[in-house]
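# Examination of the molecular architecture
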Amino acid sequence: MNRLKIYIFICLLAILGSCSKDQPENVDNIPGLGGDTWEPGPIDFWIRDSLTTPFNITAKYKWDQGELEFNRTLVPPKEEKIIPVLSAIKKVWIDNYVAVAGDLFMKRYSPKFFVLVGSASYNPDGTITLGTAEGGRRILLYVLNDFRIRGMSDYVPQDSLNVKEMFHTIEHEFGHILHQTVLYTPDFKRISVGMYTSNWNNVSDAEARADGFVTAYAMAAPDEDFVEMISMMLTEGKGGFDVIVNSITGTSPNGITAEEAKNRLRQKETIVVNYFKDTWNIDFYNLQARTRASIVQLIR
């Protein structure tokens, strides 16, 4: 009996000890668990008034590694870049789609969540990821810290590459959202059948164009080919796209003549234009002219 009493007493002490309210010291806040709140400032108010209220779109610019791949070395975006970047996105992408397709189209199909990163995402195969879309609802945009447009203190008129790449990425990813909603005609896949390759990163744009692709990345798969056509046609404008087509000369190493390569690009162009008209009731050439003009206004 005495041994039983001693055992019960020891258990009671253990229970009481486990309920003690000792406070741990030097505990850091854990992002995403309530420790990363901040007072809204001008950036937050701009996002609310310009994107969230009219289009139900928001953007996350505060650093949260949980939103990103853990095996990448990335840096946060500079806060002075956020409003210029998002303002440019609104002017070039949102406003032009609204002009040709209406508010309802953008409210229904636009991704609702942008995650912003300051640097590029470098892949093991030597390629660079400039943006990704996930499930048609979320877009990650990288390289914001290299974004420079007219009016910014570090703007250089000749340095338009990063600006064009930003919109190339957005138009590319939005193209994925559109074709994942309503697929393009199977005729598109037949134009370059047998020529898609996982080794596209070892091909230059010039070499890809000689085979009838608008960029080297378009050779990765039919879906990538389709959205690369959309993206390049919009960001380069009709004149710029015509220059790309007309620059093709000679016969490619794969035996594709210049005329055949040009014909393939023109076939793809026609399918893209018809897809936008038949599926979304959008005049693609109107959208193309508006988009290119908006980009030129930012970089010249």
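What this report covers is the structure whose coordinates are included nearby. Because the structure is predicted, anything quoted here is derived from the model rather than measured.

### Observations concerning the overall build of the protein chain
Looking only at helices and strands, the protein chain features 10 helices and six strands. Counting across all 300 residues of the protein chain, residues that qualify as buried make up 46%. Counting contacts in the protein chain only where the partners sit at least 6 residues apart, residues at least 24 apart contribute 70% of the total. Carbon and sulfur atoms make up 53% of the accessible area of the protein chain, which totals about 15800 Å².

### Some points on the packing of aromatic side chains
Under the defined criterion, the tally for this structure stands at 17 aromatic pairs. Measuring from ring centre to ring centre gives 6.0 Å for W93 and F114, while their planes differ by 70°; the resulting arrangement is edge-to-face. One end of the pair, W93, is in helix α3 (residues 79–101); the other, F114, is in strand β2 (residues 113–116), and 21 residues separate them in sequence. One exposure class covers both W93 and F114, and it is buried. Here the aromatic rings of Y184 and F188 are separated by 5.5 Å at their centres, their planes lie at 65°, and the arrangement is edge-to-face. Accessibility expressed as a relative area gives 2% for Y184, which makes it buried.

### Brief notes about the packing of helix α8 (residues 222–246) against helix α9 (residues 258–280)
It is at 10 Å that the axes of α8 and α9 come closest, and there the two elements cross at 120°. Judged on the interaxial angle alone, α9 and α8 are oblique. The hand of the α8/α9 crossing is left-handed. Of the residues in α9, those in contact with D225, F226, M229, I230, M233, F241, D242, V245 and N246 of α8 are K262, L265, R266, K268, E269, I271, V272, V273, Y275 and F276. Broken down by class, the residue content of the contact of α8 with α9 amounts to 12 nonpolar, one polar and six charged.

Criteria and cut-off values
Residues numbered from 1 in each chain as written. Predicted model: local features only at pLDDT ≥ 70, side-chain atom pairs only at ≥ 80, totals over all residues. Heavy atoms only, no water. Helix = DSSP H or I, 4+ residues; strand = E, 2+ residues; numbered from the N terminus. Buried < 20%, exposed > 50% of the residue type's maximum accessible area, 1.4 Å probe, protein only. Contact = heavy atoms within 4.5 Å. Areas by Shrake-Rupley, 256 points an atom, 1.4 Å probe, with all protein chains shown as cover. Phe/Tyr/Trp six-rings, centres within 6.5 Å; stacked < 30°, edge-to-face > 60°. Axes fitted to C-alpha atoms, helices over the stretch in contact; angles between N-to-C directions. Parallel < 35°, antiparallel > 145°, perpendicular 65-115°, else oblique. Left-handed = near helix turned anticlockwise from the far one by under 90°. Nonpolar A, V, L, I, M, F, W, Y, C, P; charged D, E, K, R; others polar.

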